[in-house]
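Inside the fold
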Amino acid sequence: MVSKKVLLVGNFGVGKTSLIRRFVLNEFSEDYISTIGVRVSKKIVEFENQQVKLIIWDVAGTTGNEKVPKAYFLGASSAMLVFDVSRVETYLHLEDYVQTIKELSKLKEVTIVGNKKDLLTTDELEKVIDKINVKVDLVTSAKEDDNVEEAFVMLAKESIK
Amino acid sequence: MVPTKIEDLFIQLKTDFSGTILEIEAGKFVADQLVPKNSIYELCPFLEASLEDLPLHEVYHLNTMLIVVDTIEYNVDLELIRAIHDVSILIHDRSSVYKHVSQLNQNRNDLILLKRELDLKNTELENLKIIAEKANEEKSRFLAVMSHEIRNPLNSILGYSEMIATEAEELSIIRYANFLTRAGKNLRVIVDDILDLSRIEAGRLELIEESISIKEVIENCVNDFRFQLKGGDLAIQLIEENTLPKFIDGDAVRITQILSNLINNAIKFTQKGIISIGIAVISEDESISTIRFYVNDTGRGMTQDQIKTIFREYEQTQARDQHNKGGAGLGLSIVKRLTEAMKGLVTVESTVNVGTKFSVDIPFRRTHLDSVEYVKSEELVTIDLIGKEILLVDDDRLNLTIMDHVLSKEGCALTLVGDGQDALELLKTKRFDAVILDINMPRMTGEELMRKNDLFTEYNKETPFIALTGNTGKTDQDRYVVLGFFNVLSKPYTFVKLIDTLKKAIYKA
Ligand SMILES: Nc1nc2c(ncn2[C@@H]2O[C@H](COP(=O)(O)OP(=O)(O)OP(=O)(O)O)[C@@H](O)[C@H]2O)c(=O)[nH]1
Ligand SMILES: [Mg+2]
């Protein structure tokens, strides 16, 4: 079975740790304990008769112009850029963020995920997505276990391309 | 306790490219987890899928990684160097440093999120405030319009009921008419209160400043109440200081309103006993006298908690009273607001079962009376209107009928027309002793007529014009004076007021 290193990056507090916890342990907590340092979890993903072992890097969230250390991307096969649909500042400069990640990681594509969809109505969500000028791949809710599995399958598919 | 040795804080080892530990070279940090031939991925899962990609002969730093040993987490920094056949790995324990970093990081993030939440709440509050202000303005406007719409027909009702009461011969009809008048008057007080309060709230209350005899204003007001209470268990006593200034600049209507609201309130709470009303100068400088009006009752008093709420709108302490004498509960808040508008102060002292004392202190500028408009009430009594030619101009038929009725009894010779256009034609050809002119009329308004006054100078150059209007703001009144009106009679008016105003106008002219 292939092992693939994947990263979750994005602004602090957007729910990277929560998405991973939901995916790996099927747990969720309302508490916010900001991640410091890199915590790695593993999970096997199955899709279309394939199995991929994901080595998932949960990277500390960034603020402002902070960059994810380049060294983290060593050997990475794909990356998920997470933003919070309820917080403008986490998607305001999404285009630049995607660009930076591509440069640092040398990855061709980045999976873009808007989390915390449970906090918005369908209408509000639509407006937010309209405002963003990059293609949002999926909107998820770690809290309500909505699209979480799908997001990681997407990430896994991207990693074996 | 054994002190930490340097070897305990690091470990240096070699692995192959698939993560198998080849040898431990130095250091003891988590040494029992890292045994040769085992995989380093057990302890350091983050190295999986990375080792082959390392650049050759370069130091590669991987900082702030987490490793877990028996549920204990360590923060470590790594240095990796790839050689031809193996990888050198140095692992530093940096937990003591990152413990603080972690705390700082958490604090920073929490702070940013809190600030964000605060900002959101503030905008929300700001929006709510704007909405509330809008709603309040809307309410004031609505009330003002409504009250205005109610006032005019109410005025007619009162006029007719007064007329019926004076003319009817059958006793029961007189009694019914009197009930009707009383109920109408109560309603008018409420409507006026609402209108006043909404005016004040909307910042549209304008105080008039004219020379008035404060003594006379107070006496008139108190006498009205004396008359009302005649024969009951309640008496009114007026205590006047003789150091009162003769004339001051003030708004007689509003001062009367303050005092009558206070007296009304006292009456509501006092079944039996004496209400003392006093007026005194409490301080004085070259031009200003601060005058205190007070109303003491021997009623049941109020608790401190009740005192706190009495100046609020629509608050009825007496609601719990079986002895509710009506009103919208606006009287005291009007007192407070009017007093404040006059730069004064209201205070209350009260003891349960002993009584209540309201004091209102207002600074007034002292004046000397030089206005010709001032005619003492006693003098007015001696003047009559017999044979005076009066032109009444109003599109409100009911109002015309009432004025006609009242003034005919005074012996006036009346001419009635329904708009400014008809009035203009008459004024061009006939002299009048006085003209009472409504403002809002079809075809030609009262204001438009006044602007054409050079068309009727031949017969009516000196004739006093009285503006009849519901708009009684000061700006309106000033405008009317500039337009050449002698005086303003605001609706609703009492018969006495109508007659007095007319007498003043004719006497002056
Ligand atoms: N309503 C809602 N809250 C969520 C969701 N996902 C995460 N949260 C909450 O958001 C907060 C932050 O979640 P984390 O998963 O710690 O965020 P993070 O991106 O790992 O943050 P850093 O580690 O600081 O970068 C926590 O209080 C979570 O409970 C979601 O889908 N819906
Ligand atoms: Mg996290």
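All figures in this text were calculated on a predicted structure; none of them were measured in a lab. Each residue is numbered by its place in its chain's sequence as written, counting from 1. Lettering for chains starts from A, numbering for ligands starts from 1, and both go in the order in which the items are written. It should be noted that, the model being predicted, local features are given only for residues of pLDDT at least 70 and side-chain atom pairs only at 80 or more, the latter also being counted only at that level, while totals for whole chains, interfaces and linings use all residues. By convention in this description, side-chain values take in all heavy atoms of the structure and omit both hydrogens and water.

Some points on the sheet that holds strand 1 (residues 2-10) of chain A
Residues and elements named next belong to chain A.
- The mixed open sheet is built from six strands, whose spatial order is 2-3-1-4-5-6. Lying at the two open borders of the sheet, with one neighbouring strand each, are strand 2 (39-47) and strand 6 (138-139).
- Pairing of strand 5 (residues 111-115) with strand 6 involves two bridges; the strand directions are parallel. In the sheet register, Val 113 faces strand 6, and the bridge partner there is Leu 138. A pair of strands counts as paired when DSSP detects no fewer than two bridges linking them. The numbering of helices and of strands both runs from the N terminus, where a helix is a DSSP run of H or I of at least 4 residues and a strand a run of E of at least 2.

Some remarks on the nonpolar core
- The nonpolar core is taken to be a set of buried Ala, Val, Leu, Ile, Met, Phe, Trp, Tyr and Cys residues, with the residues joined through side-chain atoms within 4.5 Å. Per-residue accessibility, obtained with a 1.4 Å probe over protein chains only, is compared with the maximum for each type, and a residue is labelled buried under 20%, exposed over 50%, and partly exposed between these values. In terms of nonpolar packing, the biggest core is built from 57 residues, with A:Trp57, B:Phe46, B:Leu47, B:Leu62 and B:Leu78 touching the most fellow members.
- For this analysis, residues touch if any pair of their heavy atoms sits within 4.5 Å. In contact with B:Leu78, other than residues within four places in its own chain, are B:Phe46, B:Leu47, B:Tyr60, B:His61, B:Leu62, B:Asn63, B:Met65, B:Ile89, B:Leu90 and B:Ile91.
- Counting 49 residues, the second largest nonpolar core, distinct from the first, contains B:Ile218, B:Cys221, B:Val295 and B:Ile310.

Observations concerning the sheet that holds strand 14 (residues 413-417) of chain B
Residue and element names in this part refer to chain B.
- Strands sit in the order 14-13-15-16-17 across an open sheet of five strands; the sheet is parallel. Bordering the open sheet on either side are strand 14 and strand 17 (487-490), each of which pairs with just one other strand. Strand after strand, the sheet turns through a mean of 20° between neighbouring axes, direction not considered.
- Examined bridge by bridge, strand 16 (residues 465-469) and strand 17 share four bridges and lie parallel to one another. For Ile 466, the partnering residue across the bridge sits in strand 17 and is Asn 487.
- The angle between two axes is taken between their N-to-C directions and runs from 0 to 180 degrees, where each axis is a line fitted to C-alpha atoms and a helix contributes only its stretch in contact. Seen against the sheet, helix 9 (residues 420-429) touches strand 13 (389-393), strand 14, strand 15 (434-438) and strand 16 and runs at an angle of roughly 155° to strand 13.

What about helix 3 (residues 214-229) of chain B?
All names here are of chain B.
- One fewer than the residue count of a helix, multiplied by 1.5 Å, yields its expected span. Taking 1.5 Å as the rise per residue, helix 3 with 16 residues should run 22 Å; its terminal C-alpha atoms sit 23 Å apart, in good agreement.
- Taken together, the buried positions of helix 3 are occupied by Ile 214, Glu 216, Val 217, Ile 218, Cys 221, Val 222, Phe 225 and Leu 229.
- After helix 3 finishes, the residue Gly 231 shows a positive phi value of roughly 85°.

Some points on the packing of helix 1 (residues 95-167) of chain B against helix 8 (residues 397-409) of chain B
All names here are of chain B.
- For the pair helix 1 and helix 8, interaxial distance at closest approach is 9 Å and the crossing angle is 35°. Every pair of crossing elements has a handedness; the one defined by helix 1 and helix 8 is left-handed. Residue-level contacts link Asn 155, Ser 156, Gly 159, Tyr 160, Met 163, Thr 166 and Glu 167 of helix 1 to Leu 398, Thr 401, Ile 402, His 405 and Lys 409 of helix 8.
- By the convention adopted, Pro, Cys, Tyr, Trp, Phe, Met, Ile, Leu, Val and Ala count as nonpolar, Lys, Arg, Asp and Glu as charged, and the other residues, Gly among them, as polar. Each residue belonging to the contact of helix 1 with helix 8 can be placed in one class, and the counts come to four nonpolar, six polar and two charged. Each helix crossing is assigned a hand: it is left-handed if the near helix lies turned anticlockwise from the far helix by less than a right angle, otherwise right-handed if that turn is clockwise.

Details of the coordination of the magnesium ion (ligand 2)
- Water is not among the atoms examined, so metal sites may look incomplete; donors are the N, O and S atoms within 2.8 Å of the metal, or within 3.2 Å for Na, K and Ca. Surrounding the magnesium ion (ligand 2) are the protein donor atoms A:Thr17 (OG1) and A:Thr35 (OG1), which sit 1.9 to 2.1 Å from the metal. Of this pair, A:Thr17 sits in helix 1 (residues 16-25) while A:Thr35 is found in the loop between helix 1 and strand 2, placing the two residues 18 residues apart along the sequence.

Digging into helix 2 (residues 94-105) of chain A
All names here are of chain A.
- Under the 1.5 Å per step criterion, the end-to-end length of helix 2 is 16 Å for 12 residues, consistent within 8% with the ideal 16 Å.
- Every buried residue belonging to helix 2 is among Leu 94, Tyr 97, Val 98, Ile 101, Leu 104 and Ser 105, and all of these are buried. When helix 2 is viewed along its axis, its buried side chains cluster within an angular range of 135° and face the same direction. In helix 2, the exposed residues that point more than 90 degrees away from the buried face are Asp 96 and Glu 103.
- Of the residues trailing helix 2, Lys 106 is marked for its positive phi of about 60°. It is the directions from the helix axis to the C-beta atoms whose arc is reported.

Let's talk about the confidence of the model for chain A
- Per residue, pLDDT measures the predictor's confidence, with a range of 0 to 100. On average, residues of chain A carry a pLDDT of 92, and 100% of them reach 70 or more.
- Mean pLDDT across the elements of chain A ranges from a minimum in strand 2 of chain A, with 92, to a maximum in strand 5 of chain A, with 97.

Side note on the site of ligand 1
- Around ligand 1 there are 23 residues in total, and A:Lys16, A:Ser18, A:Ser29, A:Tyr32 and A:Asp118 lie nearest to it.
- Near, as used in this document, describes a residue that has one of its heavy atoms within 4 Å of the molecule or strand being considered. What surrounds ligand 1 is not a single chain but chains A and B.
- Nitrogen and oxygen atoms within 3.5 Å of one another constitute a polar contact, given that in protein one can donate a hydrogen and the other can accept it, and given that sequence-neighbouring residues count only through two side-chain atoms. In this structure, A:Ala142 approaches ligand 1 through a main-chain N or O atom, which is 2.8 Å from an oxygen atom.
- Using a 1.4 Å probe, the Shrake-Rupley method yields the accessible areas, and only the shown protein chains count as cover for residues. Isolated, ligand 1 exposes 650 Å² of accessible area, and the fraction of that covered by the protein chains is 94%.

Brief notes about the interface of chain B and chain A
- If you look at the interface, chain B gives 27 residues, while chain A gives 27 residues.
- With both sides pooled, the region where chain B packs onto chain A buries about 2300 Å², and carbon together with sulfur makes up 56% of that total.
- Area buried by chain B at its contact with chain A is led by B:Glu48, B:Leu66 and B:Arg116, which between them contribute 21% of it.
- Whenever a carboxyl oxygen of Asp or Glu lies within 4 Å of a side-chain nitrogen of Lys or Arg, that contact is scored as a salt bridge. On the surface where chain B and chain A come into contact, there are four salt bridges.
- For the salt bridge of B:Arg116 with A:Glu89, the shortest nitrogen-to-oxygen distance reads 3.0 Å.
- Counting across the chain B and chain A interface gives 15 residue pairs in polar contact (both at pLDDT 80 or more).
- Looking at the side of chain B that touches chain A, the elements with two or more residues in it are strand 3 (59-69), strand 4 (72-82) and helix 1 of chain B.
- The leading source of residues in the side of chain B that touches chain A is helix 1 of chain B, at 10 residues.
- Residue classes in the side of chain B that touches chain A are distributed as 12 nonpolar, nine polar and six charged. Here the buried area means the combined drop in accessible surface, using a 1.4 Å probe, for two parts upon being joined, counting both sides.

Some thoughts on unusual backbone geometry
- Notably, A:Asp145 is not glycine yet its phi reads approximately 50°, a positive angle.
- By the element assignment, A:Asp145 lies in the loop between strand 6 and helix 4 (148-159).

Quick notes on the pattern of salt bridges
All names here are of chain B.
- Throughout the structure, instances matching the rule amount to 29 salt bridges over all chains.
- Taking the shortest distance from any N to any O, the salt bridge between Lys 115 and Asp 119 comes out at 3.1 Å. A residue pair is termed a helical-turn pair when its members lie 3 or 4 positions apart in one helix, as Lys 115 and Asp 119 do in helix 1 at four residues.
- Taking relative accessible area as the criterion, Lys 115 reaches 52% and is therefore assigned exposed.
- Notably, a salt bridge pairs Arg 479 with Glu 447, separated by 2.8 Å at the nearest N-O pair.

A closer look at the packing of aromatic side chains
- We call Phe, Tyr and Trp rings a pair once their centres come within 6.5 Å, taking the six-membered ring for Trp, and we label the pair stacked below 30 degrees between planes, edge-to-face above 60, and tilted otherwise. All chains considered together, the criterion is met by seven aromatic pairs over all chains.
- Seen from the ring of A:Trp57, A:Lys5 lies directly overhead, with NZ or CZ sitting 3.6 Å from the centre.
- One Lys or Arg, B:Lys357, reaches over the ring of B:Tyr294 and ends 5.0 Å from the middle of that ring. Put simply, a charge is over a ring when the Lys NZ or the Arg CZ is close to the ring centre, within 6 Å, and near the line of the ring normal, within 35 degrees.

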